[in-house]
Protein chains: 2
Amino acid sequence: MIVTLAGGVGAARMLAGLVQVVDPDHLTAVVNVGDDLVLHGLHISPDLDTVTYTLAGAINTETGWGLTGETWQARDMVERYGGVSWFGLGDRDLGTHLYRTQRLSEGADLATVTAEITAAWDLGLRVVPVTCDPLRTMVTLAADDPEGPGSPGLPAGSEIGFQEYFVQRHHSVPVASVRIAGADAARPTPGVLDAIAGADAVVVAPSNPIVSIGPVLAVPGVREAVTARREQVVAVSPIVAGAALKGPADRMLTELGHEASVVGVARLYAPFAGTLVIDEADADRVDEVEAEGLRCVVTPTVMRSPETAAALARATLAAVGVATEPAP
Amino acid sequence: MIVTLAGGVGAARMLAGLVQVVDPDHLTAVVNVGDDLVLHGLHISPDLDTVTYTLAGAINTETGWGLTGETWQARDMVERYGGVSWFGLGDRDLGTHLYRTQRLSEGADLATVTAEITAAWDLGLRVVPVTCDPLRTMVTLAADDPEGPGSPGLPAGSEIGFQEYFVQRHHSVPVASVRIAGADAARPTPGVLDAIAGADAVVVAPSNPIVSIGPVLAVPGVREAVTARREQVVAVSPIVAGAALKGPADRMLTELGHEASVVGVARLYAPFAGTLVIDEADADRVDEVEAEGLRCVVTPTVMRSPETAAALARATLAAVGVATEPAP
């Protein structure tokens, strides 16, 4: 079994590589739910959906989120009413949120609903929210954020939900701190700790260390379970040549006092990961990475195509001695 | 001021007639919310929306509910997941429910949200839910209902929500009783009792007496306020020649021990309405209606066109001595 700790877009691409090189039946994605939000009464799980839609081959490749063939009739109507429209909910995507919310209201837990949704997309791998309990990544602003189109002004020190930071404010305001609300009381989804304990490899996907991998590890027991398997834990750096491929990971690392580089990532991950995979662009920093106490593997990590994602998956698993299926 | 007690389709057509013959600024629709439901986490108010969409000229004329130019992408996705899809939610219509649910979650009451929605559609008249508190029309089945496509079987004596009876089971099962849950604790929306008290006319629209007008009158204070204005209260019979123009009103009246005729309607309405407007098809029953203690007015009541709706509105108001604007 391969367990992957996953955020959204980067993790989804990595998983799309992994399913090409190992039997999807032996693959479990443990997904961040700190990004989840309730909007318009609907329970929205952006990372679960990005992983699901990507692996279903149904992701909107133009945006990197949402579904192909999407229309925006509901959003247009919300805008007519002057309602909250900063979080883009396409009509097809809404169907997922409607279903999820209805099932949760009937008493199903998020893991059950996620299994139902992924089954409807014929995904081979298991996609599991790290917890079925409420987990909310909260961001405290380091500076005043002026009023913008669709977002009210906020003073420095304000704490807002992750999506208000990420989507509503386009992650354009510096961050003073990040808090994973609900983490203390959250219980790992049944099976997650056992999956980690029994995994041949635990892959930390190239996701934001603070707000994607952070909430996964913040669920009590998960960090400990991962740390216990440190030799089999291999992380892929989401930072390439000092920059995030997508999103604010680089700025956020700097703002929170870390180094926005593979070395900064190595420092964060060394306590629980035995190996860090870094991009060829960072080949000159191998010694610094290894000085943090991890093995370092250099390979192309930018997943521009299914082939490069498969190659990265292969190199990542090879780094912890897991055999992969030959290229077809 | 003209106050209209309103259900869905029939009331919406009547209101579309009234706005042609009186200044819409002097028109208030007090609308049933016993049909409301929460589905997929969304607060859905079918009668408020039918009234709003009809008066906006945006009703789907093929179905009689929902919006023109509708698409069904969200529903198709819910169906992919095997979710609840018996209640037809079009993508545009969803925008209304998303907005309403979000505003309610922010603490706005249903009357405020309804005012915002109707303002966005540029409706001239006031559309007011009879109460902002939860009101739920519950139906107890008089017979076993076999399992159908999309609806589980239920034994006689089961109590289900109105939409489960009306939409999910296509009102195909006999009814033993109707209960307006929440009525005891519901408070009339502020302004409703005053509007009735000060109205030049109170029009009871041609809606189902039991499940559309019934819940409106069940809100404490409303029946009393209407009864106090009995001389100015004029009802339009929803039963024409022994049949409902739409929906199960005729069968339901019979099942609940009433007569499915203008005389049966007269018996139900006589305590609070001074006048009943009946269709020409029932002209031979004027004496029987008047024997119930109401004045009876005979006029075409089937609203096949805007012109016939305007003529009905004119005749209805004339019956209680309210002058209308001349035809343009």
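Calculation notes
- Residues numbered from 1 in each chain as written.
- Chains lettered and ligands numbered in written order.
- Predicted model: local features only at pLDDT ≥ 70, side-chain atom pairs only at ≥ 80, totals over all residues.
- Heavy atoms only, no water.
- Phe/Tyr/Trp six-rings, centres within 6.5 Å; stacked < 30°, edge-to-face > 60°.
- Buried < 20%, exposed > 50% of the residue type's maximum accessible area, 1.4 Å probe, protein only.
- Helix = DSSP H or I, 4+ residues; strand = E, 2+ residues; numbered from the N terminus.
- Lys NZ or Arg CZ within 6 Å of the ring centre and 35° of its normal.
- Pairing = 2+ DSSP bridges.
- Axes fitted to C-alpha atoms, helices over the stretch in contact; angles between N-to-C directions.
- Contact = heavy atoms within 4.5 Å.
- Parallel < 35°, antiparallel > 145°, perpendicular 65-115°, else oblique.
- Left-handed = near helix turned anticlockwise from the far one by under 90°.
- Least-squares fit on C-alpha atoms with pLDDT ≥ 70 in both.
- Buried area = accessible area lost by both parts, 1.4 Å probe.
- Salt bridge = Lys/Arg side-chain N within 4 Å of Asp/Glu carboxyl O.
- Polar contact = N/O pair within 3.5 Å; in protein donor to acceptor, adjacent residues only side chain to side chain.
- Nonpolar A, V, L, I, M, F, W, Y, C, P; charged D, E, K, R; others polar.
- pLDDT = per-residue confidence, 0-100.

1. Comments concerning the packing of aromatic side chains
All chains considered together, the criterion is met by 14 aromatic pairs over all chains. Measuring from centroid to centroid gives 6.2 Å for Trp65(A) and Trp72(A), while their planes differ by 80°, and the two rings are edge-to-face. Under the relative-accessibility criterion, Trp72(A) is labelled partly exposed at 23%. Arranged with centres 5.1 Å apart and planes meeting at 20°, the rings of Phe162(A) and Phe166(A) form a pair that is stacked. Pair noted here: Phe162(A) and Phe166(A) are both in helix 6 (residues 162-168), with a separation of four residues, about one helical turn. Among the aromatic residues, those joined into a ring-pair cluster are Phe162(A), Tyr165(A) and Phe166(A). Of note, Arg80(A) hangs over the ring of Trp121(B), and the distance from its end group to the ring centre comes to 3.8 Å.

2. Let's talk about the sheet that holds strand 8 (residues 175-181) of chain B
Residues and elements named next belong to chain B. Strands sit in the order 7-6-8 across an open sheet of three strands; the sheet is antiparallel. Two strands lie at the open edges of the sheet, namely strand 7 (159-161) and strand 8, each paired on one side alone. Mean inter-strand twist for the sheet, computed between neighbouring axes without regard to direction, equals 30°. When strand 6 (residues 136-141) meets strand 8, the two strands line up antiparallel, connected through six bridges. Its bridge partner lying in strand 8, Arg136 is registered against Ala181. This element, helix 8 (residues 209-218), spans strand 6 and strand 8 of the sheet and lies at about 35° to strand 8.

3. Considerations on the side chain of Thr114(A)
All names here are of chain A. Secondary-structure assignment places Thr114 in helix 5 (residues 110-120). A relative accessible area of 5% places Thr114 in the buried class. Excluding anything up to four places from it in sequence, Thr114 contacts Leu48, Val127 and Pro129.

4. So, unusual backbone geometry
A negative phi angle is the norm for most residues apart from glycine, just as the trans form is the norm for most peptide bonds. Residue and element names in this part refer to chain A. Here His40, not a glycine, exhibits a phi torsion of approximately 55°, which is positive. Tracing the chain through its elements places His40 in the loop between strand 3 (37-39) and strand 4 (42-44). Taking relative accessible area as the criterion, His40 reaches 2% and is therefore assigned buried.

5. A short note on the packing of helix 4 (residues 91-105) of chain A against helix 3 (residues 73-80) of chain B
Helix-helix packing is described using two parameters, namely the angle between the two axes and the distance between the axes. It is the contact of helix 4 of chain A with helix 3 of chain B, at a shortest axis distance of 7 Å, that shows an interaxial angle of 45°. On the basis of their axis angle, the class for helix 4 of chain A and helix 3 of chain B is oblique. For the crossing formed where helix 4 of chain A meets helix 3 of chain B, the hand is right-handed. Across from Asp91(A), Arg92(A), Leu94(A), Gly95(A), Thr96(A), Leu98(A) and Tyr99(A) in helix 4 of chain A, the residues of helix 3 of chain B making contact are Gln73(B), Ala74(B), Met77(B) and Val78(B).

6. Some details on the relation of the copies chain A and chain B
When chain A is fitted to chain B, the best match, at an RMSD of 0.0 Å, comes from turning it 180° and sliding it 0.0 Å along the axis. Both chain copies can therefore be described as sitting about a two-fold axis. Minimal C-alpha separation from the rotation axis in chain A is found for Gly41(A), amounting to 2.7 Å. A share of 100% of interface residues in chain A that are also interface residues in chain B marks the association as one of identical surfaces.

7. Side note on the pairing of strand 10 (residues 233-236) of chain A
Residue and element names in this part refer to chain A. What you see with strand 10 is no split at all: Val233 and Ala235 on one side and Val234 and Val236 on the other are buried throughout. In this structure, strand 10 lies alongside strand 13 (residues 275-278), joined through three bridges in parallel fashion. Within strand 13, the position partnered with Ala235 by the bridge is Leu276.

8. Quick notes on the interface of chain A and chain B
Interface extent is often summarised as the accessible area lost during association of the parts. Taken together, the contact between chain A and chain B spans 31 residues of the former and 31 residues of the latter. At the boundary of chain A with chain B, total buried surface from both sides reaches about 2700 Å², with 64% on carbon and sulfur atoms. On the surface where chain A and chain B come into contact, there are zero salt bridges. Inspection of the region where chain A meets chain B yields 16 residue pairs in polar contact (both at pLDDT 80 or more). No other element matches helix 4 of chain A, which puts nine residues into the side of chain A that touches chain B. Each residue belonging to the side of chain A that touches chain B can be placed in one class, and the counts come to 15 nonpolar, 11 polar and five charged.

9. Topic: the pairing of strand 6 of chain B
All names here are of chain B. Here strand 6 lies mainly inside the structure; five of its six residues are buried. In this sheet, strand 7 lies alongside strand 6 in antiparallel orientation, the contact comprising three bridges. Considered in strand 7, the bridge of Met138 is made with Gly161.

10. Here we look at the sheet that holds strand 2 (residues 27-31) of chain A
Residues and elements named next belong to chain A. Taking strand neighbours across the sheet as the criterion, the seven strands line up as 5-2-1-9-10-13-14 in an open arrangement whose pairing is parallel. Lying at the two open borders of the sheet, with one neighbouring strand each, are strand 5 (126-129) and strand 14 (295-298). Across the sheet, the mean angle from the axis of one strand to that of its neighbour is 20°, orientation sign disregarded. Across three bridges, strand 9 (residues 201-204) lies against strand 10 in parallel orientation. Bridge pairing links Val202 to Val233 in strand 10.

11. Remarks on the side chain of His43(B)
Considering the arrangement of structural elements, one finds His43(B) in strand 4 (residues 42-44). When near neighbours in sequence (up to four residues on either side) are disregarded, His43(B) contacts Asp36(B), Leu37(B), Val38(B), His97(B), Arg100(B), Thr101(B), Leu104(B), Leu110(B) and Arg136(B).

12. Thoughts on the environment of Asp284(B)
All names here are of chain B. For Asp284, the position within the fold is in the loop between strand 13 (275-278) and helix 12 (286-291). Accessibility expressed as a relative area gives 65% for Asp284, which makes it exposed. When the C-alpha atoms of Asp284 and Val298 are compared, they prove to be 9.8 Å apart, with 14 residues separating the residues in sequence.

13. Focus: the confidence of the model for chain A
Mean pLDDT over chain A: 95, with 99% of residues reaching 70 or higher. Reported confidence for the predicted complex is 0.91 by ipTM and 0.94 by pTM.

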